[in-house]
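# Structural features, examined
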Amino acid sequence: MGYPDGGGLSAQQRARREQVRLQAAGWFAEGVPVREVACRLRVSRTAVFGWRQRWRRGGESALASKGPGGNRCRLDGSQLRRLADALDEGPAVHGFGADQRWTLSRVSDLIARMFRTRYTLRGTAYLLHRMGFSVQVPKHRPVERDEDAVVTWRREAWPAGKR
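My aim in this report is to walk through the structure given alongside it, one point at a time. (Residues numbered from 1 in each chain as written. Predicted model: local features only at pLDDT ≥ 70, side-chain atom pairs only at ≥ 80, totals over all residues. Heavy atoms only, no water.)

## Re the overall build of the protein chain
Each helix and strand in the protein chain was counted, giving seven helices and zero strands. Of the regular secondary structure in the protein chain, the N- to C-terminal order runs α-α-α-α-α-α-α. Against the compact-globule benchmark of 15 Å for 163 residues, the protein chain has a radius of gyration of 26 Å, which places it well outside the compact range. In terms of overall dimensions, the protein chain has C-alpha extents of about 75 × 60 × 20 Å along its principal axes. Classification of the 163 residues of the protein chain by burial places 23% in the buried group. Residue pairs in contact within the protein chain that sit at least 24 positions apart in sequence constitute 40% of those at least 6 positions apart. As displayed, the protein chain offers around 12100 Å² of accessible surface, 51% of which is attributable to carbon and sulfur atoms. Between the mean site of the 31 positive side-chain charges and the mean site of the 16 negative ones, the protein chain shows a separation of 11 Å. (Helix = DSSP H or I, 4+ residues; strand = E, 2+ residues; numbered from the N terminus. Rg over C-alpha atoms; globule rule 2.2 N^0.38 Å. Buried < 20%, exposed > 50% of the residue type's maximum accessible area, 1.4 Å probe, protein only. Contact = heavy atoms within 4.5 Å. Areas by Shrake-Rupley, 256 points an atom, 1.4 Å probe, with all protein chains shown as cover. Lys, Arg positive; Asp, Glu negative; His and termini not counted. Charge placed at Lys NZ, Arg CZ, Asp CG, Glu CD.)

Laid out in structure tokens, this is it:
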């Protein structure tokens, strides 16, 4: 499972899930039916069937956590900090034009330049989410926008048109 706030389960969450599987293993040894185990643990029967199959093949050790899933990040902690600092400086500083927008392709190119490591656009998106960045879509507002006229229109003309 992947989550935007941290890229997956924390060590504490993995340990808690492992305890649930080990509790199920104890009930398997006692002969408790799959339906009852699923009901007691509030999980799906499909999950319990899978656990039981692994338990039968390898015992409790087969239900142990295998650690965090997915590939390891190719950038270490100091490189991630340098990347975050570079992103905070803005795209113009790094030669990407004056529009001040980071795109996935620009960030991917920046990573390649800074660390000699290529990321796909999807991999770049995962990396940025893991670092705490989120998608931001800029608001497009006309340069000539008159805020006072907009407020007046919303207060007077809009309600009249709704009637």
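Picking up where we left off.
## With respect to the side chain of T124
Assignment of secondary structure puts T124 in helix α6 (residues 121-131). Those residues within four positions of T124 in sequence are excluded, and the remaining contacts are L104, V107, S108, I111 and Y119.

## Side note on the packing of helix α1 (residues 11-30) against helix α3 (residues 45-58)
Any two packed helices are characterised by the angle at which their axes cross and by the distance between the axes. With their axes 10 Å apart at the nearest point, α1 and α3 run at an angle of 70° to one another. Considering the angle they form, α1 stands roughly perpendicular to α3. In this structure, α1 crosses over α3, and the sense of that crossing is right-handed. Contact with α1, carried on its side by V20, R21, A24, A25, F28 and A29, involves V48, W51, R52, R54 and W55 of α3 and no other residues of that element. (Axes fitted to C-alpha atoms, helices over the stretch in contact; angles between N-to-C directions. Parallel < 35°, antiparallel > 145°, perpendicular 65-115°, else oblique. Left-handed = near helix turned anticlockwise from the far one by under 90°.)

## Here we look at the packing of helix α5 (residues 104-115) against α6
Where α5 meets α6, the closest approach of the two axes is 9 Å, and the angle between their N-to-C directions is 85°. In terms of orientation, α5 lies roughly perpendicular with respect to α6. Here L104, S105, V107, S108 and I111 of α5 come into contact with α6, specifically with L121, T124, A125, L127 and L128. Considering only residue class, the contact of α5 with α6 consists of seven nonpolar, three polar and no charged. (Nonpolar A, V, L, I, M, F, W, Y, C, P; charged D, E, K, R; others polar.)

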